[in-house]
Amino acid sequence: MDYTKQIQEIATRLFAEDKIDVFVGYRLTGFDDNQVPALIRESKDVPLLVFNQKSVFNLSNYLKNDHTRNKRVGLVVKGCDSRSLNLLLTESQVKREKLYVVGIACEGVVDDAGQKMQNCLECMVPAAVVYDELLGEANMERRFIINADIQDMAAKELVQRREYFEEVFENCIRCNACRHSCPLCYCAKCCIDQETATLYNGANTTSSAFHALMTWSLHLAGRCVDCRNCEKACPSHLPLHLFHKWNERVIYENFQEHLAGVHEGDRGAFYKYSMQDPDDFIM
Amino acid sequence: MARVGVFVCFCGANIADYVDVPQVVEEAKRIREVKFAIDYKYMCSDPGQQQIRDAIAQHRLTSIVVAACSPRMHEKTFRKALSDAGMNPYLLEVANIREHSSWVHQKDKKAATEKASDLVRMAVAKSIANEQLHEISVPVTKRALVIGGGIAGIQAALDIADARIPVVLVEKSPSIGGKMAQLDETFPTLDCAQCILTPKMVDVASHPYIELIPYSEVLELQGFVGNYKVKIKKKASYVNFKTCTGCGACWQKCPVKVDNEYNMGIDKRKAIYTPFPQAVPNKPVIDAEHCTMLTKGKCGICAKVCEKGSIDYQMQDEIIEREIGAVVVATGYDMWDPKPYEEYGVGRFKDIITSLEFERMVSANGPTNGLPLRPSDGKVPKNVVFIKCVGSRDEAKGISYCSKICCMYTTKHTILLHHKVHDSHAYVFYMDIRAAGKGYEEFVEKAQVDTGTTYLRGRVSKIYKKGDKLMVRGEDAQIGQVVEVEADLVVLATAVSAPKDNPDLARLLGISYDKYGYLSEAHPKLRPVETAKAGIFLAGCTQAPKDIPETVSQASACAAKVCGLFAGDTMKKDPMISTVNTEYCSGCQNCVKVCPYGAIVTDEVPFGHGSKELRTVAKINEGVCQGCGSCVAICRSTAINLAGFTDPQIINEIVSI
Ligand SMILES: Cc1cc2nc3c(=O)[nH]c(=O)nc-3n(C[C@H](O)[C@H](O)[C@H](O)COP(=O)(O)OP(=O)(O)OC[C@H]3O[C@@H](n4cnc5c(N)ncnc54)[C@H](O)[C@@H]3O)c2cc1C
Ligand code: SF4
Ligand code: SF4
Ligand code: SF4
Ligand code: SF4
Ligand code: SF4
Ligand code: SF4
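Values in this document were obtained by computation on a predicted structure and should not be read as measured data.

Reading the values: rules and limits
Residues numbered from 1 in each chain as written. Chains lettered and ligands numbered in written order. Predicted model: local features only at pLDDT ≥ 70, side-chain atom pairs only at ≥ 80, totals over all residues. Heavy atoms only, no water. Helix = DSSP H or I, 4+ residues; strand = E, 2+ residues; numbered from the N terminus. Buried < 20%, exposed > 50% of the residue type's maximum accessible area, 1.4 Å probe, protein only. Areas by Shrake-Rupley, 256 points an atom, 1.4 Å probe, with all protein chains shown as cover. Lys, Arg positive; Asp, Glu negative; His and termini not counted. Charge placed at Lys NZ, Arg CZ, Asp CG, Glu CD. Salt bridge = Lys/Arg side-chain N within 4 Å of Asp/Glu carboxyl O. Near = heavy atom within 4 Å. Polar contact = N/O pair within 3.5 Å; in protein donor to acceptor, adjacent residues only side chain to side chain. Nonpolar A, V, L, I, M, F, W, Y, C, P; charged D, E, K, R; others polar. Domains from an automatic or database assignment. Contact = heavy atoms within 4.5 Å. Buried area = accessible area lost by both parts, 1.4 Å probe.

S.K.: An account of the overall build of chain B is requested, with residue identities and associated values reported.
M.R.: When its secondary structure is counted, chain B shows 18 helices and 34 strands. In terms of overall dimensions, chain B has C-alpha extents of about 90 × 75 × 40 Å along its principal axes. For chain B, the proportion of its 657 residues judged to be buried stands at 52%. A total of about 29,500 Å² of accessible surface is found on chain B, and carbon and sulfur atoms cover 51% of it. Of the charged side chains in chain B, 80 are positive and 76 negative, and the gap between their average positions amounts to 2 Å.

S.K.: Tell me what's going on with the pattern of salt bridges, and back it up with residues and numbers.
M.R.: Residues and elements named next belong to chain B. Counted under the stated rule, the structure contains 60 salt bridges over all chains. Of the charged contacts, one joins Asp84 and Arg53 as a salt bridge, the two residues approaching to 4.0 Å between their closest N and O atoms. Separated by 31 residues along the polypeptide, Asp84 in helix H3 (residues 71-84) and Arg53 in helix H2 (residues 46-58) bring together distant segments of the chain. Exposure remark for Asp84: the relative accessible area of 46% places this residue in the partly exposed category. By relative accessible area, which is 16% here, Arg53 ends up buried. Residue Asp377 is joined to Arg374 by a salt bridge in which the shortest nitrogen-to-oxygen separation is 3.0 Å. Residue classification places Asp377 among the partly exposed residues on the basis of a relative accessible area of 33%. Given the relative accessible area of 4%, Arg374 is considered buried.

S.K.: Summarise the site of ligand 1; cite the residues concerned and give the values.
M.R.: Residue and element names in this part refer to chain B. Lining the immediate surroundings of ligand 1 are 35 residues, of which Glu171, Tyr333, Lys412, Lys546 and Ile548 lie closest. Measuring from a nitrogen atom of ligand 1, one finds a backbone N or O atom of Lys172 at 3.1 Å. Burial of ligand 1 by the surrounding chains reaches 95%, relative to a free accessible area of 1,000 Å². Residue classes in the shell around ligand 1 are distributed as 16 nonpolar, 11 polar and eight charged. Composition of the shell around ligand 1 by domain shows at least three residues from each of domain 2 (144-235 + 317-333 + 498-565) and domain 4 (334-497).

S.K.: Can you explain the environment of A:Val225? Please cite residues and give values.
M.R.: Residue and element names in this part refer to chain A. Mapped onto the secondary structure, Val225 falls in the loop between helix H7 (206-220) and helix H8 (229-233). Note: C-alpha distance between Val225 and Ser82 (143 residues apart in sequence) is 9.1 Å. When residues no more than four places from it in sequence are discounted, the contact partners of Val225 are Asn58, Cys80, Arg83, Ser84, Leu87 and Ala260.

S.K.: With reference to specific residues and values, describe the interface of chain B and chain A.
M.R.: Contacts between the two partners involve 20 residues from chain B, matched on the other side by 19 residues from chain A. Buried surface at the junction of chain B and chain A, summed over both partners, amounts to about 1,700 Å²; 51% is from carbon and sulfur atoms. Considering only the side of chain B, the residues that lose the most area to chain A are B:Tyr584, B:Ser586 and B:Arg636, jointly responsible for 38% of the buried surface there. Inspection of the chain B/chain A interface yields two salt bridges. Residues A:Arg69 and B:Glu613 are paired through a salt bridge, measuring 3.2 Å at the closest nitrogen-oxygen approach.

So far we have only geometry, and geometry alone does not tell us how the molecule works.
Laid out in structure tokens, this is it:
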């Protein structure tokens, strides 16, 4: 999977036709073959753009930033990224007419060790669902998989589960990188940072981490698109996907196979109400 | 420093028998901020309230906790006690130690006492973060909507309009009048229904304060008490009511014949029709389902014969909006379909009819010129069997409730039969004779003597055919024997049931209904005409089966409620409503989507300090917000606060236990 050439051509064209102010894509770090997000403002920088299986980050996170807000933006999105973009559109955070979206029919990205990422192996929606132009073939059939981590978790007693998480939370340094890297955490003032939110206060205690991360994961329940920006950003390597995948499974199984961000206008299972909604999974 | 007063109520024995009240007081005294705690037999009594008033002054209290019954019972009472003592009434917190503790933990006094203490501790913690709140005034739209134009809707509309309050009356069918317009003479005085109803119908049409919108339905209700907005669908009538004179040329010439609903399908009406000669408004409508011009484009006779050119086949449904302040729902009832009574041969034997069919036959303006006739051969029946409680009080086949009116109208029917067919004989199969009401028992007694009707106590088990007669087999419980009666005609007193569309209507209005589909009153004894939603009232059979006197009383009661609501120019509103902190709002609009009252809109604010860039945020209309808290729960960044239930208050409660 290498769309470097096509993306460079698209970006050049968009600048030439004066359709965009900034193009958000990927470039090499300069040290190794890892990539970082690139905000390209002039056509002369377009050759910096790359796209291949190392293009891991979810770039829709860069739509909430000062350099893109209210600007005309060109954006590259893979399947998962396009779903968070869809949610941003639905939740009135970005305007579709300001965007030129280059969708990718993604074949999966790899981690530092060159292994295909776990979320890509389990991915249900590899091809972008919102785009102006799609690169690759969009005909990939997928099946919902409950991964081994989650099966292990489900096998644990409630007490054991709590013990496990308490251990995990000990490592959290409350840096909030997870939140900042999540495209769907765009709140003007996050609940965790509010003066009245005494439950989350207290530098980096296990209890404050517990409450903060639990709240965070519930705010992403039915919205998280499993892009793993958060997990990649966490300096303490917390297995953050466990919360999100757990919620994703519960929601998929209980709310008519709901998957976040697949349809525009769908705010997610927790934001609509029907008489048929089950409630027996609530602890 | 907060100074909290705690007042624990015995509620006679209600609380004291299951909760150690003095112990709760002792526990309360241990809380740092509690400067005064006391118990009393009845906190809500005047001496009880006096204790609160006195303590506020003596102990310079800054908030009050009353541990007693549900705040639904006496929150208002205690708030008033605070006001009277010069304290802001919203500094009160009620700990419900009755419904939430003593009543539900009657077997374990120790646990109930501990729970009561916890509830007090939470209320104290919450009250410390309580803020002074002030009632809000909102303007009132002094116009009422009445849904349904039966006798209930007619009476409510007239009473409200007579108080010079404009009324919008929405009736589903082409004419007002409802079921009463189908009745002959009415119990218990036997005055003719038309004679007493028609003048009222005419009054409705000519009343300067009533806007009658027939042939229409309510589509949507938005807003809140005093400020509702209603969307009404006027169904296409295909007749221009402004120019039509009601001359009748059209329906005389219309070639299409349809079962006449008004006469229970005993005769036919045309595809263009007025339901009955005294209809109000007396203008015809075209039944789009049956008119061949509308279904197949063939005919057009009515347009040809109409001298006024009033027929318009292109007419479309129209949606109109009205602003109103209160609603009276008077959608009446349906007749229960006796199909499940297979053993009676319902549907198989032509000479079994329902009570309303009988009512139409004996009516002077009915399809048989006022004579009961056998549907099978058109002969006048001699032996008529009336069967009561068909569907009523029959959980297995019908409904478990008593339909309340059938005993009385069946008695009436025996009289009417006797008047019309002098040599007839009536038999009544009954379970009880329920004749509670002014003059009702006398009416029944006199009828029995005058008509010589044979009353047989028991249920009918089977009806079968013998020649052209019907054999009615049932038990006569008084003699303990099975009896068989040979009948020319059988009349079933079928149950009264709730209108089929009531659940949909209830959802649309945001009110509740019971398992049968009757709309629910706020309190069965003390608030029988109010619903749980402020400004929506119930009249007539839509709430439960009832006869005309009761229906009319309830309708007038609704009118009194509406007039009371509209007595001032503004209405006081609870200040416990939500507000958006725009600094924290990201404009995701989840709250807009979730608000059941449509109270939230969007607004634009500068992006940052001094910025020219704008961003979208949510804004709550304080007049519309009902303080339900849905938006508070949905907002991830807690940008919304509900006065009286702020985050600090709730967190205080959680942390206190
Ligand atoms: C056989 C029989 C004999 C009776 N005899 C007597 C008697 O002698 N004396 C006595 O006191 N009582 C008698 N009654 C009872 C009497 O009919 C009722 O008490 C009375 O009609 C109730 O009036 P109402 O306005 O509540 O309902 P209804 O008369 O049913 O009127 C309801 C009106 O609302 C309209 N409507 C329904 N749904 C909607 C909607 N969604 N939107 C707009 N409009 C709607 C209907 O079209 C109708 O016009 C008798 C009943 C029966 C069945
Ligand atoms: S929570 Fe993590 S995995 Fe989920 S959408 Fe946000 S960044 Fe991606
Ligand atoms: S954790 Fe919740 S409140 Fe905080 S930014 Fe994310 S969604 Fe908003
Ligand atoms: S990024 Fe990791 S360490 Fe930082 S707050 Fe999130 S979970 Fe904790
Ligand atoms: S009113 Fe009389 S006939 Fe009717 S259901 Fe009640 S008991 Fe039966
Ligand atoms: S839910 Fe909260 S953040 Fe979203 S628009 Fe409403 S107030 Fe603003
Ligand atoms: S509390 Fe919120 S959701 Fe409820 S009525 Fe008020 S604005 Fe609407």
